[in-house]
Each structure stands twice: as C-alpha cells, then as structure tokens.
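# Structure at a glance
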Amino acid sequence: MKMMAFPLGLDLIGRVCHTGTPQWLITLKAHPDCCLQRLHNAREHDLDTVVALPGRDAAQGLEGVIEFGSSRTVPYVEQTLRYMETVCSPFGAHPTDGL
C-alpha cells in the first residue's frame, strides 16, 4: 500500500477531512484543472465522478476519508449519498447534514 499525505482543506480528500462533509464531483473529464491531487490516476482509470465521505469514530471524531469513483457521470442525488453513507457506516462513514 502506498502512503500519501493530503493537506487539510486542499484537494478533495483534504476538504472532506477539514470540513467533515461529503463531496461529490462530477464531469472530471470536462475540467482539466480539477482539484484532485491524483488527477492523473483519475484520468488513467477514466473516472468522471468521484465521491468522498468522511470516516468517523465516535470517540475520536474524524478519522479519514472513504473515496469512490465511477467512469460514468453520476449526478448528485441525496438518497444515493444517504445510501452510500449507510453502507459505509461499519467503516466509519456516518450520515451527515448533506453537501
């Protein structure tokens, strides 16, 4: 496993860590200056939508970020985000107040 650092508040993962709120990015292919530190990886795998959820520990607070990607353009739908948070809750992602 390769370790990477993401500055708080910068890039997708850094923003999610800093704010504790999920982020849903679509049409990455249309944005050459996208705010992903690993944009070359996203392009290599033909990703067009990336969703990042904060991972929380009840005692510790924010612990990390769970990230998903799709080669399809997936529009933001509140119910989909809630479902993703529910499915990921055993891994530390908990429902939030939305984007």
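Note that the structure is a prediction, hence the values are computed from the model and not measured.

## As for the packing of aromatic side chains
Applying the stated criterion to the full structure yields one aromatic pair. Ring centres of Trp24 and Tyr76 lie 5.3 Å apart, and the angle between their planes is 85 degrees; on these two criteria the pair is classed as edge-to-face. Taken together, the residues span a long stretch of sequence, with Trp24 in strand β1 (residues 23-25) and Tyr76 in the loop between β3 (61-70) and α3 (78-88) at a distance of 52 residues.

## Things to note about the nonpolar core
Membership of the largest hydrophobic core is limited to eight residues, which are Leu12, Val16, Leu25, Leu28, Leu39, Ala42, Val50 and Ala52. Mapped onto this core, the elements with two or more residues apiece are α1 (11-19), α2 (39-44) and β2 (49-57). In this structure, Val51, Leu53, Leu81 and Met84 belong to the second largest nonpolar core, which totals seven residues.

## Some words on unusual backbone geometry
The phi torsion at Asp46 lies on the positive side, around 60 degrees, for a residue other than glycine. Tracing the backbone shows Asp46 in the loop between α2 and β2. Among the residues examined, Asp46 registers a relative accessible area of 43% and is labelled partly exposed.

## With respect to the pattern of salt bridges
Within the structure shown, the criterion is met by two salt bridges. With a shortest N-O distance of 2.4 Å, Arg82 and Glu78 are connected by a salt bridge. With Arg82 and Glu78 both in helix α3, this residue pair falls four residues apart, about one helical turn. According to the relative accessible area criterion, Arg82 is partly exposed, its value standing at 24%. Two residues, Arg82 and Glu85, come together in a salt bridge whose shortest N-O distance is 2.6 Å. Of the two residues, Arg82 and Glu85 both sit in helix α3, three residues apart, roughly one turn of that helix. Here the salt bridges share partners, and the residues they tie into one network are Glu78, Arg82 and Glu85.

## Quick notes on α3
Turning to α3, its buried residues are Leu81, Met84, Glu85 and Cys88. Down the axis, α3 shows its buried residues gathered within 100 degrees of arc, on one side only. Turned more than 90 degrees away from the buried face of α3, the exposed residues are Gln79, Tyr83 and Thr86.

About the thresholds
Residues numbered from 1 in each chain as written. Predicted model: local features only at pLDDT ≥ 70, side-chain atom pairs only at ≥ 80, totals over all residues. Heavy atoms only, no water. Phe/Tyr/Trp six-rings, centres within 6.5 Å; stacked < 30°, edge-to-face > 60°. Helix = DSSP H or I, 4+ residues; strand = E, 2+ residues; numbered from the N terminus. Core = buried A, V, L, I, M, F, W, Y, C linked by side-chain atoms within 4.5 Å. Buried < 20%, exposed > 50% of the residue type's maximum accessible area, 1.4 Å probe, protein only. Salt bridge = Lys/Arg side-chain N within 4 Å of Asp/Glu carboxyl O. Arc of directions from axis to C-beta.

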